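Chain by chain, the residues:
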Amino acid sequence: MTVRQAVFLVGGKGTRLGDLTRATPKPLLEVAPGLRFLDVAIEEVARHGFMDVLLVAGHLGDQVEDAYQGRSIRGAQVRVIREPEPQGTGGAVRMAADLLDPWFLLLNGDSLFEFNLRALVQDPADDFVARLALRTVPDPARFGAVEVDGEVVVGFREKDRDLKGPALINGGVYLVNRSILDLIEGPCSIEQDIFPKLVSAGQLRGRKFDGYFLDIGLPDTYDQAKEEIPARRKRPCAFLDRDGVLNVDAGYTHRPEDLRFVPGAPEAVRCLNETGYYVIVVTNQAGVAKGHFEEAAVHGFHAAMADALAATGAHIDAFYHCPFHEAATVEAYRQADHPDRKPNPGMILRALAEWPVDSGRSFLIGDMDTDMAAARAAGLPGFLFPGGDLSVFLESLPYLINRGKIGPPSG
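Treat the numbers as computed from the prediction; the structure is a model and nothing was measured.

Definitions and cut-offs
- Residues numbered from 1 in each chain as written.
- Predicted model: local features only at pLDDT ≥ 70, side-chain atom pairs only at ≥ 80, totals over all residues.
- Heavy atoms only, no water.
- Helix = DSSP H or I, 4+ residues; strand = E, 2+ residues; numbered from the N terminus.
- Buried < 20%, exposed > 50% of the residue type's maximum accessible area, 1.4 Å probe, protein only.
- Contact = heavy atoms within 4.5 Å.
- Lys, Arg positive; Asp, Glu negative; His and termini not counted.
- Charge placed at Lys NZ, Arg CZ, Asp CG, Glu CD.
- Arc of directions from axis to C-beta.
- pLDDT = per-residue confidence, 0-100.
- Core = buried A, V, L, I, M, F, W, Y, C linked by side-chain atoms within 4.5 Å.
- Pairing = 2+ DSSP bridges.
- Axes fitted to C-alpha atoms, helices over the stretch in contact; angles between N-to-C directions.
- Phe/Tyr/Trp six-rings, centres within 6.5 Å; stacked < 30°, edge-to-face > 60°.
- Lys NZ or Arg CZ within 6 Å of the ring centre and 35° of its normal.
- Right-handed = clockwise from strand over helix to strand, strands pointing away.
- Salt bridge = Lys/Arg side-chain N within 4 Å of Asp/Glu carboxyl O.
- Polar contact = N/O pair within 3.5 Å; in protein donor to acceptor, adjacent residues only side chain to side chain.

### Considering the overall build of the chain
The helix and strand tally for the chain stands at 12 helices and 19 strands. Dimensions of the chain, computed from C-alpha atoms along their principal axes, come out at roughly 65 × 45 × 45 Å. Here the chain holds 411 residues, and the buried ones make up 55% of them. Put simply, of all contacts in the chain between residues at least 6 apart along the chain, 73% involve residues at least 24 apart. With 43 positive and 57 negative side-chain charges, the chain shows a separation of 2 Å between the mean positions of the two kinds.

The following block contains the structure:
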């Protein structure tokens, strides 16, 4: 199954931030003019394909509701639930009981942990109720430590000045089964009251991830967020053609049942995800203009592709398609030299305008000369995929050979 729901706990008072949170909920603090911390957190889950976002609000919840109720962020639909009184993190989950999917992503709304969320939610199973995203820190004293045996969480060590690192800590991001509600009877802490019960029952798991981590619970970490997060949002992008690069091109491919990945395509997308790239598809779809299928079929095929990639721990950040053609049989789509239709660069240029892309470290992979021409027109390097295994081809490019560094080599 594909996990599509993300639940943010945004009810804390943020008392350690003093006057900053006296009149503003902590997750609504700005990290740049007009950019709230929670904006960044929601965008992060949306680009990973979590399209149903619930915010459980407490302290100054009216502000959360005013800012987010009914909004669409990167295609994700946002709903807000208000706590009538403080419920703790466990009670907050129960507040959302009627809206919860069988499996959902649960996150603290005042922290950001950048890693492959799809890898955390991959392969939910009946032998556990929750899976924690864990990370190693040099000094765990402020957080407490998590003890594991393989992926089985076997214990927690509380916050303690004498706790020495490095050690694994709870990253504040969880895959959770709805059955956790059976353990929540009233206001409580999911971390302090519920997770220990799951440990005792052998039903708590953990997976270790590396990635940028920051919570804004202290004045100095909030200052750090303002300094670091706006710059971190700007990252390179791998633009990918679709038919012939990601999926086998059978000619006007549009039915989900006809989706067959090119060898190595899911692995290549996951590699790009985990190396820090946005991954954006730009595809001509003249079949719409020529009456072979309707535009809704393009969206349906992309949804099926997203689900199939999710099962492998990979995701596409955005899909752009051009349904126009100069020889269209459907008049609404008849247009000569449409700016979006490759070899024109319109889809790429729109993505560059709509996403915080570092174009100087970005590139395109396509299988046709029109793809290469679109890349050149957008000022990007283009790489012609000759067929074969896409992950092997990706590894041959001067972008990902040195893991941990993204973009072309300097010099």
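### What to know about helix 11 (residues 369-377)
Taken together, the buried positions of helix 11 are occupied by Asp371, Met372, Ala374 and Ala375. Looking down the long axis of helix 11, one finds its buried residues gathered within 160 degrees of arc, a one-sided arrangement. Exposed and oriented more than 90 degrees from the buried face of helix 11 are Asp369 and Arg376. Contacts made by the buried residues of helix 11 are with helix 10 (346-354), strand 18 (363-366) and strand 19 (382-384). Where helix 11 terminates, the next one or two residues include Gly379, which has phi positive at roughly 80 degrees.

### Brief notes about the confidence of the model for the chain
Looking at the chain, the pLDDT average stands at 93 and 96% of residues meet or exceed 70. Across residues 401-411, confidence stays below pLDDT 50; counting only partners more than four residues off in sequence or on other chains, it has 21 contacts.

### Focus on the nonpolar core
Within the largest apolar cluster, 38 residues are counted, with the highest numbers of intra-cluster contacts made by Phe8, Leu55, Tyr68 and Leu105. When residues of this core are assigned to their parent elements, the largest contribution, five residues, is made by helix 1 (residues 37-47). Grouped together as the second largest cluster of nonpolar side chains are 31 residues, Val7, Leu106, Leu181 and Phe195 included.

### Topic: the environment of Val148
The residue Val148 is located in strand 10 (residues 145-149) in this model. Along the primary structure Val148 and Arg242 are separated by 94 residues, whereas in three dimensions their C-alpha atoms are 41 Å apart.

### Quick word on the sheet that holds strand 17 (residues 318-322)
Sheet architecture is open: five strands sit in the order 17-16-15-18-19, paired in parallel fashion. Looking at strand neighbours, the two that pair on one side only are strand 17 and strand 19, the edges of this open sheet. Taken over all neighbouring pairs, the strand axes of this sheet differ in orientation by 20 degrees on average, direction set aside. As paired strands, strand 15 (residues 237-240) and strand 18 are joined by three bridges and run parallel to one another. In the sheet register, Phe239 faces strand 18, and the bridge partner there is Leu364. Sitting on the sheet, helix 9 (residues 295-310) is in contact with strand 16 (278-284) and strand 17, with an inclination near 150 degrees to strand 17.

### Some points on the packing of aromatic side chains
Centre-to-centre distance and the angle between the planes together describe a pair of aromatic rings. As enumerated under the stated definition, the model contains 10 aromatic pairs in all. Among the aromatic residues, those joined into a cluster by ring pairs are Phe113, Phe115, Phe209 and Phe213. A cation over a ring is seen here: Arg235 above Tyr278, with NZ or CZ 5.2 Å from the ring centre.

### Considering the pairing of strand 16
Burial analysis of strand 16 places seven of its seven residues in the buried class, the great majority of the element. Side chains of strand 16 alternate between two faces, with Tyr278, Ile280, Val282 and Asn284 and Val279, Val281 and Thr283 buried alike. For the segment spanning strand 15, helix 7 (residues 265-275) and strand 16, crossover handedness is right-handed. Sheet topology places strand 16 next to strand 17; five bridges connect them, and they run parallel.

### Let's talk about the environment of Ala23
Mapped onto the elements of the fold, Ala23 is located in the loop between strand 1 (5-10) and strand 2 (30-32). Classification of Ala23 as exposed rests on a relative accessible area of 53%. Once you skip the residues sitting within four places of it in the chain, Ala23 turns out to touch Leu60 and Gln63.

### Thoughts on the pattern of salt bridges
A full pass over the atoms with the stated rule returns 24 salt bridges. One salt bridge in this structure joins Asp317 and Arg47, with 2.7 Å as the shortest N-O distance. Here the residue Asp317 occupies a position in the loop between helix 9 and strand 17, and Arg47 occupies one in helix 1, the gap between them amounting to 270 residues. Of the residues examined, Asp317 reaches a relative accessible area of 8% and is grouped as buried. Between Lys342 and Asp371 there is a salt bridge; the shortest N-O distance is 2.8 Å. With Lys342 in the loop between strand 17 and helix 10 and Asp371 in helix 11, the pair connects residues that are 29 residues apart, well separated along the chain. Salt bridges here are not isolated pairs; linked through shared partners, they connect Arg36, Asp39 and Arg71.

### Focus: unusual backbone geometry
With an omega dihedral of 25 degrees, the bond running from Lys342 to Pro343 counts as a cis peptide bond. The backbone of Tyr252 sits at a positive phi, close to 55 degrees, despite the residue not being glycine. The topology assignment puts Tyr252 in the loop between strand 15 and helix 7.

### Describing the environment of Arg131
Relative to the elements of secondary structure, Arg131 occurs in strand 9 (residues 130-137). In this structure, the C-alpha to C-alpha distance between Arg131 and Leu29, residues 102 residues apart in sequence, is 29 Å. Apart from residues no more than four positions distant in its own chain, Arg131 is found in contact with Leu120, Val121, Gln122, Asp123, Glu151, Val173, Tyr174, Leu175, Arg205, Gly206 and Arg207. In this structure the side chain of Arg131 is engaged in a polar contact, spanning 3.4 Å, whose partner is the backbone oxygen of Asp123.

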